[in-house]
Amino acid sequence: MARIVMKFGGTSMAGIERIRRVAQIVKQQADGGNEVAVVVSAMAGDTDRLVNFCREASSLYDAAEYDVVVASGEQVTSGLLAIALQSLGARARSWLGWQMPIRTIEAHSKARIETIDGEALTAAMQSGEIAIIPGFQGISKAGRITTLGRGGSDTSAVGIAAAVKADRCDIYTDVDGVYTTDPRIVTKARKLKTVTFEEMLELASVGAKVLQTRSVGLAMKEGVRIQVLSSFTEEGAPCADELPGTMIISEDEMETDDMESQLITGIAHDKNESKITLTRVPDKPGAVANIFEPLAEAAINVDMIIQNVGREKGETDVTFTAPTSDLDRTMQVLADAQPDIGYNRLISDSNVAKISVVGVGMKSHAGIASTMFKALAERGVNIQAITTSEIKVSVLIEEDYTELALRVLHTAYGLDAEDAA
Ligand code: ADP
Ligand code: ASP
Ligand code: MG
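First, a word on scope: everything that follows refers to the structure included in this document. As the structure is a prediction and not an experimental result, all values here were calculated from the model.

## A word on the overall build of the chain
Part 1: A tally of helices and strands in the chain yields 14 helices and 20 strands.
Part 2: A compact globule built from 421 residues would reach a C-alpha radius of gyration of about 22 Å, and the chain, at 23 Å, matches this within 12%.
Part 3: Here the chain holds 421 residues, and 51% of them are scored as buried.
Part 4: Pairs at least 24 residues apart make up 75% of the contacts formed inside the chain by residues separated by at least 6 positions.
Part 5: As displayed, the chain offers around 19,100 Å² of accessible surface, 48% of which is attributable to carbon and sulfur atoms.
Part 6: Of the side-chain charges in the chain, 41 are positive and 59 negative, and the distance between the mean point of each set is 2 Å.

Set out below in structure tokens:
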């Protein structure tokens, strides 16, 4: 017997037929003698629809009320799954964020989990009841509904797995594991049996949306075992214990052979960043601080930064990237700070994409970045910015080249599946 948290994403919950299939998968785990809690997402597309309603109501909407609106999608699916399970003869009930409770910080629309009281939930699970929890939502100290940022149900699932000391957290989605790159873009992508927490954290943070970045960080901190697998299986398919998904493991659990032989684990892309350039910034101490301080105060996350070689007359150009969703605010903040910074022109470009290669093998091998630059150059893809970390190299390119770059790099690093066309 095991204690298992199962999480089902938006496409898995999209409509009553899909929810019935999810109910079967859940019941199969419970019938195997396991204690089960289930975290659900809203039906695919519903959260986007709710976000758009808020934007239509007012471009400057109140984030606390936004949370009230967008958290509702998960409330619907949690109730529906409980009903579907009951109709299969199982005991099940929903537990809303405030009922457990899942306590978060105040930051509406991007709250972080502080504590989860798993006691009542554990008791219910031990009594043989299946607990259904709407993902994405929590409650602030002020007693108001919060949400955990887009894709946050993954983080809810990991948080609950930690709170009830689950043996496993199974993340069911619309692909059957973590692949070397997005399998919907590169048909030759290969499914990975294992990925280390560290690699998954990097992959998620640079755009592999199969897991929300924070869920991986939390799992790493709390030692939660995550498995990624598909809910799109036929009735009668084996349950998760026998399905070959992808396990997220620690580096210690990884076989040394794997680490040495595999230079690159995966390639990710992110089209949600924009490039901003300030021309003719004074080339003197404090100039860069004058740019990035007001952005930090406005809670805008800056990613890649390049400062060009100084021009004549002690001036330089500074380029950086920020999320496209924050582009308008970024431009406003920099326009307001123009007298302090003293730049000449402010230019933005949202037609860019960040492509990143990730792998722990990089720690012990040279030449990973140069392979990337050469492969892209051979296909005429211009690199606009570069950043690196111990296990990652990222480049910024024109957005139209995203698919081409992913395919070319996938081949260049020898990742293509052998049996793929
Ligand atoms: P869910 O609604 O279940 O949370 P998401 O849409 O958030 O699902 O995440 C699953 C999607 O992640 C897949 O459909 C796939 O297109 C995308 N994806 C991006 N990178 C990868 C990768 N390396 N491996 C698997 N899927 C990936
Ligand atoms: N429904 C939320 C979203 O679409 C949370 C989630 O699905 O993880 O972002
Ligand atoms: Mg998701």
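That covers the picture; the talk isn't over yet.
## Here's the deal with the environment of Leu 201
Part 1: Checked against the element boundaries, Leu 201 lands in helix α7 (residues 197–205).
Part 2: Apart from the residues within four sequence positions on either side, Leu 201 is in contact with Thr 213, Val 216, Gly 217 and Met 220.

## Concerning the site of ligand 2
Part 1: With respect to spatial proximity, the complete set of residues near ligand 2 consists of Ser 41, Thr 47, Glu 74, Phe 136, Arg 150, Gly 151, Gly 152 and Ser 153.
Part 2: Residue Ser 41 places a side-chain N or O atom 2.9 Å away from an oxygen atom belonging to ligand 2.
Part 3: One of the backbone N or O atoms of Gly 152 is found 3.3 Å from an oxygen atom in ligand 2.
Part 4: The class makeup of the residues in the shell around ligand 2 is 1 nonpolar, 5 polar and 2 charged.

## What about the packing of helix α1 (residues 16–31) against helix α4 (residues 72–87)?
Part 1: Where α1 meets α4, the axes come as close as 9 Å, and the angle between the chain directions of the two elements is 60 degrees. Viewed along their axes, α1 and α4 adopt a mutual orientation that is oblique. The two elements α1 and α4 meet at a crossing, and its hand is right-handed. Counted together, Ile 16, Ile 19, Val 22, Ala 23, Val 26 and Lys 27 of α1 and Thr 77, Leu 80, Leu 81, Ala 84 and Leu 85 of α4 form the full contact between these two elements.

## Notes on the pairing of strand β14 (residues 273–282)
Each regular strand carries side chains that alternate between the two faces of the sheet.
Part 1: Taken across its 10 residues, β14 has 8 buried, putting it largely inside the fold.
Part 2: As judged from the 8 bridges shared by β14 and strand β16 (residues 315–323), these two strands associate in the antiparallel manner. Following the sheet pairing, Ile 276 is matched in β16 by Phe 320.
Part 3: Where β14 and strand β17 (residues 346–349) come together, 4 bridges link them in antiparallel fashion. Bridge pairing in β17 places Thr 277 opposite Ile 347.

## Some words on the site of ligand 1
Part 1: The local shell around ligand 1 holds 16 residues, among which Thr 173, Asp 174, Tyr 179, Asp 182 and Arg 184 are the closest.
Part 2: In the environment of ligand 1, an oxygen atom lies 2.8 Å from a nitrogen or oxygen atom belonging to the side chain of Asp 174.
Part 3: Between ligand 1 and Lys 209, the relevant distance is 3.2 Å, taken from an oxygen atom to a side-chain nitrogen or oxygen of the residue.
Part 4: Its residues assigned to classes, the shell around ligand 1 shows 6 nonpolar, 5 polar and 5 charged.

## Some thoughts on unusual backbone geometry
Part 1: The step from Met 100 to Pro 101 runs through a cis peptide bond, and the omega angle for that step is -10 degrees.
Part 2: Take Pro 101: it is sitting in the loop between β3 (92–94) and β4 (102–104).
Part 3: In this model, Arg 280 sits at a positive phi of 50 degrees, which is unusual for a non-glycine residue.
Part 4: Within the element layout of this structure, Arg 280 appears in strand β14.
Part 5: The exposure class assigned to Arg 280 is partly exposed, which follows from its relative accessible area of 30%.
Part 6: One non-glycine residue, Ala 299, lies in the positive phi region at around 55 degrees.
Part 7: Here Ala 299 shows up in the loop between α10 (287–297) and β15 (305–307).

## Thoughts on the sheet that holds β17
Part 1: One open sheet holds the 4 strands; their spatial order is β15-β16-β14-β17, and the pairing between them is antiparallel. Looking along the sheet, the strands with just one partner apiece sit at the ends: β15 and β17. The average angle at which neighbouring strand axes cross in this sheet is 15 degrees, direction not considered.
Part 2: Strand contacts of α10: β14, β15 and β16, with the helix running at about 20 degrees to β16, the strand carrying the most contacts.

The rules we used
- Residues numbered from 1 in each chain as written.
- Chains lettered and ligands numbered in written order.
- Predicted model: local features only at pLDDT ≥ 70, side-chain atom pairs only at ≥ 80, totals over all residues.
- Heavy atoms only, no water.
- Helix = DSSP H or I, 4+ residues; strand = E, 2+ residues; numbered from the N terminus.
- Rg over C-alpha atoms; globule rule 2.2 N^0.38 Å.
- Buried < 20%, exposed > 50% of the residue type's maximum accessible area, 1.4 Å probe, protein only.
- Contact = heavy atoms within 4.5 Å.
- Areas by Shrake-Rupley, 256 points an atom, 1.4 Å probe, with all protein chains shown as cover.
- Lys, Arg positive; Asp, Glu negative; His and termini not counted.
- Charge placed at Lys NZ, Arg CZ, Asp CG, Glu CD.
- Near = heavy atom within 4 Å.
- Polar contact = N/O pair within 3.5 Å; in protein donor to acceptor, adjacent residues only side chain to side chain.
- Nonpolar A, V, L, I, M, F, W, Y, C, P; charged D, E, K, R; others polar.
- Axes fitted to C-alpha atoms, helices over the stretch in contact; angles between N-to-C directions.
- Parallel < 35°, antiparallel > 145°, perpendicular 65-115°, else oblique.
- Left-handed = near helix turned anticlockwise from the far one by under 90°.
- Pairing = 2+ DSSP bridges.

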